[in-house]
Amino acid sequence: MTTNDVYAALGVSPAVLAFGERVLGTLGERFAAIDANAELCQAKVLAAMRKNHVNATHFAATTGYGYDDAGRDTLERVYADTFHAEAALVRPQLVCGTHALAVALSANLLPNDELLAISGKPYDTLEEVIGIRPSPCSLAEYGVHYRQVELLDSSRFDLPAIRAAVTEKTKLVHIQRSKGYQTRATLSVAQIGEAIAAVKAVKPDALVLVDNCYGEFVEPIEPSDVGADMTVGSLIKNPGGGLAPIGGYIVGTRACVDRCAYRLSAPGLGQEVGANLGLLPALYQGFFLAPAVTAAALRGAVFAAAAYERLGFRVVPAPDEARHDIIQAVELGSEAAMRAFCKGIQLAAPVDSYVTPEPAPMPGYDSPVIMAAGAFVQGSSIELSADGPVRAPYAVYFQGGLTWHHAKLGVLLSMQTLLDEGLIAL
Ligand SMILES: *Cc1c(COP(=O)(O)O)cnc(C)c1O
């Protein structure tokens, strides 16, 4: 049995496979660079695990209050050391990325404080957290003022405008590394460092929070290495390595993380409570695997970019562009093409491969969202997935892949579906 036979059995035609192989032939150097970065990040994680003497007792389950939970506390030290931060809050009680961001913001902003976003409009779900779209319990309801500075050319910080916008009233500055559901560029850690320096030059005590979702382990350094007071993300994205079944993290200064812990549990309790519920083996092992899993996802993203660019679609980033997150946007131009792309990704899934994704309303999003995801962890987007709001420019956001070969099959089947429906020609 040949690879061609196996792919044919899965529905990939020889023509699509041959097209894919031609595209792959151009990507050797890109893949080598991805692997070199993964090696560096793997070493960072192992150094932190070794320094903190991770051992089998740290995997024990705790219940109830979770006082003296050494496994939980050590995992937080491992995160803090990997990110070169003073402290970390890493918990299953942070139920998703949006929750971690909401905790970080609400813990460090008081009534009449100003929140300034300097990478343009934040991720959709944060619009309700901030109150850009009115919502019960938003920061706006509690009297937090909000302003934003747009990116220049959708690709870089507007440093003069940022310097002008930071005033005495600016308490906290928000930066989003990844594009989210936009077709702007993702910001590099180096760019983020320059923006943080610009903010701190005007107001040294302004706090800077970086939404790091999808960015972890894509580059050798993280926003916490370039002055971010808080770096925040989701464990069902990169740092959970596909094994974490839930969770979020906040790494940063001791002062900021302490406030986050008081906000998450209760004033006076803070980081001392919070049972691990038996989830620590997955959180440790997932973090250990995360650099390799992120590399698999990056290979898939680069392959998708190269393939779809060759097919004539606008892709962000371009296949030869530097990557700062695992997301690949492909502007498909129509709802039909979005549906076909997602149908193909779903056909490659280990779970729910027999269903066809349909657009549907989603809490936190203002247009229907189509989502292909056949994941072991529900909603996990470090597992191979594709999604996007059904609105112009009909972009799908392709991300994840716990293994490179799965990501490859997903891209091949997406092209096959578009081809079968007459939406592309090879
Ligand atoms: C996914 C994401 C979030 C929200 O995370 P959830 O876990 O979906 O709540 C926030 N910001 C960005 C940039 C994201 O990609």
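Worth saying up front: this structure is predicted, and the values here are computed from it rather than measured. Counting of residues starts from 1 at the beginning of each chain's written sequence and follows it residue by residue. In view of the model being predicted, local features appear only for residues whose pLDDT reaches at least 70, and side-chain atom pairs are presented and counted only at 80 or more, with totals across whole chains, interfaces and linings using the full set of residues. The basis for every side-chain value is the complete set of heavy atoms in the structure, and neither hydrogens nor water enter the calculation.

1. Section: the nonpolar core
We define the nonpolar core as a collection of buried residues of types Ala, Val, Leu, Ile, Met, Phe, Trp, Tyr and Cys that are connected through side-chain atoms lying within 4.5 Å of one another. For each residue, the accessible area found with a 1.4 Å probe, counting protein chains only, is set against the maximum for its type, and the residue is called buried under 20%, exposed over 50%, and partly exposed in between. In this structure, Y308, L332, F341 and M415 are the most contacted members of the largest nonpolar core, which totals 64 residues. Start and end points for every domain follow an automatic or database-based domain assignment. Among the domains, domain 1 (3-42 + 288-420) and domain 2 (60-279) are the pair contributing at least three residues each to this core. Note on contacts: a residue pair qualifies if any of its non-hydrogen atoms lie within 4.5 Å across the two residues. Contacts of Y308, omitting those with residues within four sequence positions, involve F313, V315, V330, L332, F341, V411, S414, M415 and L418. Among the nonpolar cores identified, the runner-up in size contains 27 residues, and A87, A100, V103 and C260 belong to it.

2. Regarding the pattern of salt bridges
It is possible for side chains of opposite charge to pair when their charged atoms get near one another. Only one rule defines a salt bridge in this text: a Lys or Arg side-chain nitrogen within 4 Å of an Asp or Glu carboxyl oxygen. Using the criterion set out here, one finds 23 salt bridges in the structure. Taking the shortest distance from any N to any O, the salt bridge between R133 and E127 comes out at 3.0 Å. Overall, the relative accessible area of 9% leaves E127 in the buried class. In this structure, a network of salt bridges that share partners links the residues K121, D124, E127, R133 and R391.

3. Notes on the site of the ligand
Throughout this document, a residue counts as near a molecule or strand when at least one of its heavy atoms sits within 4 Å of that molecule or strand. Surrounding the ligand, one finds C96, G97, T98, L101, Y123, Q176, D211, C213, Y214, S234 and K237. Note that an oxygen atom of the ligand is positioned 2.6 Å from one of the side-chain N or O atoms of T98. N or O atoms closer than or at 3.5 Å make up a polar contact, with two conditions inside protein: a donor-capable atom paired with an acceptor-capable one, and, for residues adjacent in sequence, both atoms drawn from side chains. Here an oxygen atom of the ligand and a side-chain polar atom of K237 are 3.0 Å apart. Protein coverage of the free-state accessible area of the ligand, which is 370 Å², stands at 90%. Cavity and pocket criteria rest on a 1 Å grid covering protein atoms alone: a 1.4 Å probe that fits but cannot get out defines a cavity, protein on both sides within 12 Å along at least 5 of 7 lines defines an open pocket, and an atom within 4 Å of a point defines a lining residue. For this analysis, a molecule is said to be in a pocket or cavity if more than half of its atoms are within 2 Å of the grid points defining it. Taking a 2 Å distance to the grid points as the criterion, the majority of the atoms of the ligand fall inside the largest pocket. Tallying contributions element by element places helix α5 (residues 97-108) first for the shell around the ligand, with three residues. Under the convention used here, a 1.4 Å probe and the Shrake-Rupley method define accessible areas, while residue burial counts only the protein chains that appear. Strands here mean DSSP runs of E at least two residues long; helices mean DSSP runs of H or I at least four residues long; both are numbered from the N terminus.

4. Some words on the layout of surface pockets
Grid points are joined across faces, edges and corners, and a volume is the space filled by probe spheres set on the points. Reported here for the largest pocket is a volume of approximately 620 Å³. When residues of the lining of the largest pocket are traced back to their parent elements, those giving at least two are α5, β10 (369-373), β11 (385-389) and β12 (395-399). Ranked by residue count, the leading element in the lining of the largest pocket is α5, at three residues. For this scheme, ten residues count as nonpolar: Ala, Val, Leu, Ile, Met, Phe, Trp, Tyr, Cys and Pro. Four count as charged, namely Asp, Glu, Lys and Arg, and the remainder, Gly too, count as polar. A breakdown of the residues in the lining of the largest pocket according to their chemical character gives 14 nonpolar, twelve polar and three charged. The residue makeup of the lining of the largest pocket includes at least three contributed by each of domain 1 (3-42 + 288-420) and domain 2 (60-279). Empty space within the second largest pocket amounts to approximately 440 Å³. In terms of lining residues, the second largest pocket is bounded by 19 residues, among which A102, S106, A107, L139 and R263 are the most central. Sorting the residues of the lining of the second largest pocket by element identifies α5, α6 (124-130) and α9 (254-264) as the ones contributing at least two each.

5. Here's the deal with helix α11 (residues 335-347)
Working note: α-helix, 3.6 residues per turn, so residues spaced by three or four point in the same direction. Compared with the 18 Å implied by 1.5 Å per residue over 13 residues, the 18 Å span of α11 between its first and last C-alpha is a close match. Turning to α11, its buried residues number three or more, namely A337, M338, A340, F341, C342, G344, I345 and Q346. On its buried side, α11 packs onto α10 (280-310), β10, β11, β12 and α12 (404-420). Here the expected length of a helix is defined as 1.5 Å per residue gap, with one fewer gap than residues.

6. Focus on the packing of aromatic side chains
Two rings from Phe, Tyr or Trp (for Trp, the six-membered ring) form a pair when their centres sit within 6.5 Å of each other. Planes less than 30 degrees apart are called stacked, planes more than 60 degrees apart edge-to-face, and all others tilted. Evaluation of the coordinates by the stated rule reveals twelve aromatic pairs. Each ring, one from Y79 and one from F287, has its centre 4.0 Å from the other, and the planes form 20°; the classification is stacked. One end of the pair, Y79, is in helix α4 (residues 70-82); the other, F287, is in helix α10, and 208 residues separate them in sequence. Just as Y79 is buried, F287 falls in that class too. Between F341 and F398, the ring centres sit 6.3 Å apart and the planes meet at 90°, which makes this aromatic pair edge-to-face. One end of the pair, F341, is in helix α11; the other, F398, is in strand β12, and 57 residues separate them in sequence. The buried category is assigned to F341, whose relative accessible area is 1%. Judged by its relative accessible area of 0%, F398 is buried. By way of ring pairs, the aromatic residues Y79, F83, F217, Y249 and F287 are connected into one cluster. Sitting over the face of the ring of Y123, K237 holds its NZ or CZ atom 5.6 Å from the ring centroid. Only lysine NZ and arginine CZ atoms are considered, and such an atom sits over a ring when it is within 6 Å of the ring centre and within 35 degrees of the ring normal.

7. What about unusual backbone geometry?
Residue P317 follows V316 across a cis peptide bond; omega there is -5°. Going from A392 to P393, the amide bond is cis rather than trans, its omega being 5°. The residue P393 is located in the loop between β11 and β12 in this model. The backbone of N112 shows a phi angle near 80°, a positive value even though the residue is not glycine. Assignment of secondary structure puts N112 in the loop between α5 and β2 (114-117). In this structure, L277 takes a positive phi of about 55° despite not being glycine. Examined against the element boundaries, L277 turns out to sit in the loop between α9 and α10. For L277, a relative accessible area of 56% corresponds to the exposed category.

8. What to know about the sheet that holds strand β1 (residues 87-91)
Paired strands, in this sense, are two strands between which DSSP finds at least two bridges. Here we have seven strands laid out as an open sheet, ordered β1-β7-β6-β5-β4-β2-β3, and mixed in their pairing. Each end of this open sheet is capped by a strand with a single partner; those strands are β1 and β3 (145-148). Taken over all neighbouring pairs, the strand axes of this sheet differ in orientation by 20° on average, direction set aside. In this sheet, strand β7 (residues 248-252) lies alongside strand β6 (residues 230-234) in antiparallel orientation, the contact comprising five bridges. The residue of β7 that forms the bridge with V232 is I250. Contacting β1, β5 (207-211), β6 and β7, α9 runs over the sheet at an angle of about 30° to β1. Where helices are involved, their axes are fitted lines through C-alpha atoms of the stretch in contact, as for all axes, and angles between N-to-C directions lie from 0 to 180°.

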